[in-house]
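The lines below spell out each chain.
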Amino acid sequence: MTDQPSLPHQPDCLFCKIVSGDVPATIVRETDTTVAFRDINPQAPTHILVIPRAHYPDAAALSAAEPAVAADVLREAGEIAAEEGIAETGYRIVFNTGSGAGQTVFHAHAHVLGGRGLQWPPG
């Protein structure tokens, strides 16, 4: 578990730039603590990222430092699934934590995936 505190927006972080509006994204929802936007390389018909506005390098750091914000990310994932019409048919929420798990942007984020069959194990 990471004991790294929340960091202000990081100038080299793509997701911090999306939060600040410096990089465009297709925003689908915003709250005081989260921003959700469509993935530019979707892996399913619905593929939306939900991120905390504050910078944490991964889900473990976020949940250790700000469990309420981690809960906000999960709550927003459920709201998005309902709005996108995938809540009834099923959807997946994925947190990739670390490069070995496929994390490529080191700002905590949840992938909301649905709109097609999602096999198990994910591979």
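Computed from a predicted structure; not experimentally measured.

### Quick look at the side chain of arginine 92
Line of reasoning, step 1. In this structure, arginine 92 sits in strand E4 (residues 91-94).
Line of reasoning, step 2. Although arginine 92 lies buried, it forms no salt bridge, and the closest oppositely charged side chain, aspartate 39, sits 14 Å away as judged by the N-O distance.
Line of reasoning, step 3. Within the structure, the side chain of arginine 92 is placed 3.1 Å from the backbone oxygen of glutamine 119, a separation counted as a polar contact.
Line of reasoning, step 4. Apart from the residues lying within four places of it in its own chain, the contact partners of arginine 92 are His111, Val112, Leu113, Leu118, Gln119, Trp120 and Pro122.

### Let's talk about the pattern of salt bridges
Line of reasoning, step 1. Enumeration according to the criterion identifies 5 salt bridges in this entry.
Line of reasoning, step 2. Glutamate 83 serves as the salt-bridge partner of arginine 29, at 2.4 Å between the closest nitrogen and oxygen. Remark: glutamate 83 occurs in helix H3 (residues 67-84) and arginine 29 occurs in strand E1 (residues 27-30); sequence separation between them is 54 residues.
Line of reasoning, step 3. Between glutamate 30 and arginine 53 there is a salt bridge, with the nearest N and O atoms lying 2.9 Å from each other. Here arginine 53 lies in the loop between strand E3 (46-52) and helix H2 (59-65) and glutamate 30 lies in strand E1, a separation of 23 residues in the sequence.

### Focus on the packing of aromatic side chains
Line of reasoning, step 1. Under the criterion given, the structure shown has 1 aromatic pair.
Line of reasoning, step 2. Seen in terms of ring centroids, phenylalanine 15 and phenylalanine 37 are 5.4 Å apart; in terms of plane orientation they differ by 75°. Their pairing is edge-to-face. Placement of the pair is phenylalanine 15 in helix H1 (residues 14-20) and phenylalanine 37 in strand E2 (residues 34-38), with a sequence separation of 22 residues.
Line of reasoning, step 3. Taking the relative accessible area as the measure of exposure, phenylalanine 37 reaches 4% and is therefore buried.

### Quick word on the side chain of threonine 46
Line of reasoning, step 1. Mapped onto the fold, threonine 46 is located in strand E3.
Line of reasoning, step 2. Leave out the neighbours within four places in its chain, and threonine 46 touches Glu84, Ile86, Val112, Leu113 and Gly114.

### Re a nonpolar patch on the surface
Line of reasoning, step 1. Residues Leu74, Tyr91, Ile93 and Phe95 make up a contiguous nonpolar surface patch of about 310 Å² in total accessible area.
Line of reasoning, step 2. Inspection of the secondary structure puts isoleucine 93 in strand E4.

### Overview of the sheet that holds E3
Line of reasoning, step 1. In space, the 5 strands of this open sheet follow the order E1-E2-E3-E5-E4, with antiparallel pairing throughout. Edge positions in the open sheet fall to E1 and E4, since each of these has one partner strand only. Going across the sheet, the axis of each strand differs from the next one's by a mean of 20°, ignoring polarity.
Line of reasoning, step 2. Bridge count for E4 against strand E5 (residues 110-114) is 4 bridges, and the pairing is antiparallel. The residue of E5 that forms the bridge with valine 94 is histidine 111.
Line of reasoning, step 3. With respect to the sheet, H3 is in contact with E1, E2, E3, E4 and E5, its orientation differing from that of E3 by roughly 155°.

### Concerning the nonpolar core
Line of reasoning, step 1. Of all hydrophobic cores here, the largest spans 16 residues; its most connected members are Ala36, Val50, Tyr56, Leu62, Val73, Ile80 and Val112.
Line of reasoning, step 2. Of all elements in the fold, only E3, H2, H3 and E5 reach the threshold of two or more residues within this core.
Line of reasoning, step 3. The biggest single contributor to this core is H3, with 6 residues.
Line of reasoning, step 4. If we skip the residues at most four places from it in the chain, alanine 36 touches Thr26, Ile27, Val28, Arg29, Ile48, Leu49, Val50 and Ile80.
Line of reasoning, step 5. Phe15, Ile18, Val19 and Val105 belong to the second largest nonpolar core, which has 10 residues in total.

Calculation criteria
- Residues numbered from 1 in each chain as written.
- Predicted model: local features only at pLDDT ≥ 70, side-chain atom pairs only at ≥ 80, totals over all residues.
- Heavy atoms only, no water.
- Helix = DSSP H or I, 4+ residues; strand = E, 2+ residues; numbered from the N terminus.
- Buried < 20%, exposed > 50% of the residue type's maximum accessible area, 1.4 Å probe, protein only.
- Lys, Arg positive; Asp, Glu negative; His and termini not counted.
- Salt bridge = Lys/Arg side-chain N within 4 Å of Asp/Glu carboxyl O.
- Polar contact = N/O pair within 3.5 Å; in protein donor to acceptor, adjacent residues only side chain to side chain.
- Contact = heavy atoms within 4.5 Å.
- Phe/Tyr/Trp six-rings, centres within 6.5 Å; stacked < 30°, edge-to-face > 60°.
- Patch = residues over 30% accessible without salt bridge, like charges linked within 9 Å, V, L, I, M, F, W, Y side chains within 5 Å.
- Areas by Shrake-Rupley, 256 points an atom, 1.4 Å probe, with all protein chains shown as cover.
- Pairing = 2+ DSSP bridges.
- Axes fitted to C-alpha atoms, helices over the stretch in contact; angles between N-to-C directions.
- Core = buried A, V, L, I, M, F, W, Y, C linked by side-chain atoms within 4.5 Å.

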